[in-house]
Amino acid sequence: MPCLFCAIVSGEIPCQKVYEDASTFAFLDIGPVSEGHTLIVPKTHADNLASGSAETAQQLMATVYRIAPAILKAVGADGYNLGMNHGEAAGQDVFHTHLHIMPRKVGVPRVFTKTHPSPELLAATAAAIREALG
Ligand code: AMP
Ligand code: ZN
């Protein structure tokens, strides 16, 4: 089975990209639990964090550090949940390591229910994040 997130990193499958560097790639989740819900993946395939390298784990967290402030600024959020579903038992659906950044606003319930924003709204959110990243 070809890997969905490898296909996104290579550009074979479109996404709303917000950031990339030499080792990581970040794009909007297609079913966001909150506005600005972003996935960060390593460019090199590993099914999960444990089957990749320690260096990959560090690179993913460095990208969280780099982009989370811009995501919050772009969507007007006050904080974020950072998540990883590691393994089938934990609800992992896509077996290419990924971190979820889920922006949160004061006073808004921290739900984990997927929403289905229009492609136009997702594109506008991604553009705002790229703009905030400078
Ligand atoms: P999980 O493996 O459970 O941590 O989550 C996989 C995430 O990938 C889900 O939140 C999906 O909404 C998201 N997702 C699935 N397909 C796509 C896609 N083509 N583009 C962006 N996000 C996706
Ligand atoms: Zn992959």
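Residues numbered from 1 in each chain as written. Chains lettered and ligands numbered in written order. Predicted model: local features only at pLDDT ≥ 70, side-chain atom pairs only at ≥ 80, totals over all residues. Heavy atoms only, no water.

1. Focus: the site of ligand 1
No. 1: Every one of the 17 residues lining ligand 1 counts as a neighbour, but Asp29, Asp93, His98, His100 and Lys114 are closest to it.
No. 2: Gly91 is positioned such that a nitrogen or oxygen atom in its backbone is 2.9 Å from an oxygen atom of ligand 1.
No. 3: Within the side chain of Lys114, one N or O atom sits 2.7 Å away from an oxygen atom of ligand 1.
No. 4: A molecule is said to occupy a pocket when more than half its atoms come within 2 Å of that pocket's grid points, and by this definition ligand 1 occupies the largest pocket. (Near = heavy atom within 4 Å. Polar contact = N/O pair within 3.5 Å; in protein donor to acceptor, adjacent residues only side chain to side chain. 1 Å grid on protein atoms, 1.4 Å probe; cavity = no way out; pocket = protein on both sides within 12 Å on 5 of 7 lines; lining within 4 Å. Sits in = over half its atoms within 2 Å of the grid points.)

2. A short note on the coordination of the zinc ion (ligand 2)
No. 1: Each protein donor to the zinc ion (ligand 2) is listed here as Cys3 (SG), Cys6 (SG), His45 (ND1) and His96 (ND1); together their distances run 2.0 to 2.3 Å.
No. 2: One can describe the donor arrangement at the zinc ion (ligand 2) as tetrahedral, given that its 4 donor atoms subtend angles of 105 to 119° at the metal.
No. 3: In primary sequence terms, the donor set of the zinc ion (ligand 2) follows C-x2-C-x38-H-x50-H. Pair noted here: Cys6 is in helix H1 (residues 4-10) and His45 is in the loop between strand S3 (38-42) and helix H2 (54-75), with a separation of 39 residues, a long-range link. (Donors = N, O, S within 2.8 Å, 3.2 Å for Na, K, Ca; no water. Tetrahedral: all angles 85-135°; square planar, octahedral: opposite > 155°, others 65-115°. Helix = DSSP H or I, 4+ residues; strand = E, 2+ residues; numbered from the N terminus.)

3. Let's talk about the nonpolar core
Across soluble globular proteins, you tend to see nonpolar side chains buried next to one another.
No. 1: Residues Val18, Ile40, Ile67 and Ile101 are the most contacted members of the largest nonpolar core, which totals 17 residues.
No. 2: Of all elements in the fold, only strand S1 (17-20), strand S2 (24-28), H2, strand S5 (99-104) and helix H3 (119-133) reach the threshold of two or more residues within this core.
No. 3: Counting residues per element, this core draws most heavily on H2, which supplies 6 residues.
No. 4: Apart from residues lying up to four places away in sequence, Ile40 is in contact with Thr24, Phe25, Ala26, Leu60, Thr63, Val64, Ile67, Thr97, His98, Leu99 and Ile101.
No. 5: In this structure, Phe5, Ile8, Val9 and Phe27 belong to the second largest nonpolar core, which totals 9 residues. (Core = buried A, V, L, I, M, F, W, Y, C linked by side-chain atoms within 4.5 Å. Buried < 20%, exposed > 50% of the residue type's maximum accessible area, 1.4 Å probe, protein only. Contact = heavy atoms within 4.5 Å.)

4. Focus: the side chain of Asp29
No. 1: In this fold, Asp29 is placed in the loop between S2 and S3.
No. 2: One buried charged side chain, Asp29, makes no salt bridge at all; its nearest oppositely charged neighbour is Lys114, positioned 4.1 Å away.
No. 3: Among the polar contacts made by the side chain of Asp29, one reaches the main-chain amide nitrogen of Gly31 at a distance of 2.7 Å.
No. 4: Beyond its immediate sequence surroundings of up to four residues, Asp29 is in contact with His37, Thr38, Leu39, His100, Lys114 and Leu122. (Lys, Arg positive; Asp, Glu negative; His and termini not counted. Salt bridge = Lys/Arg side-chain N within 4 Å of Asp/Glu carboxyl O.)

5. Regarding H2
No. 1: With 22 residues, H2 should reach 32 Å at 1.5 Å per residue; the first-to-last C-alpha distance of 31 Å fits that figure.
No. 2: For H2, the set of buried residues is Thr56, Leu60, Thr63, Val64, Ile67, Ala68, Ala70, Ile71, Leu72 and Val75. (Expected span 1.5 Å × (residues − 1).)

In short, the description is geometric, and any link to function would need to be established separately.
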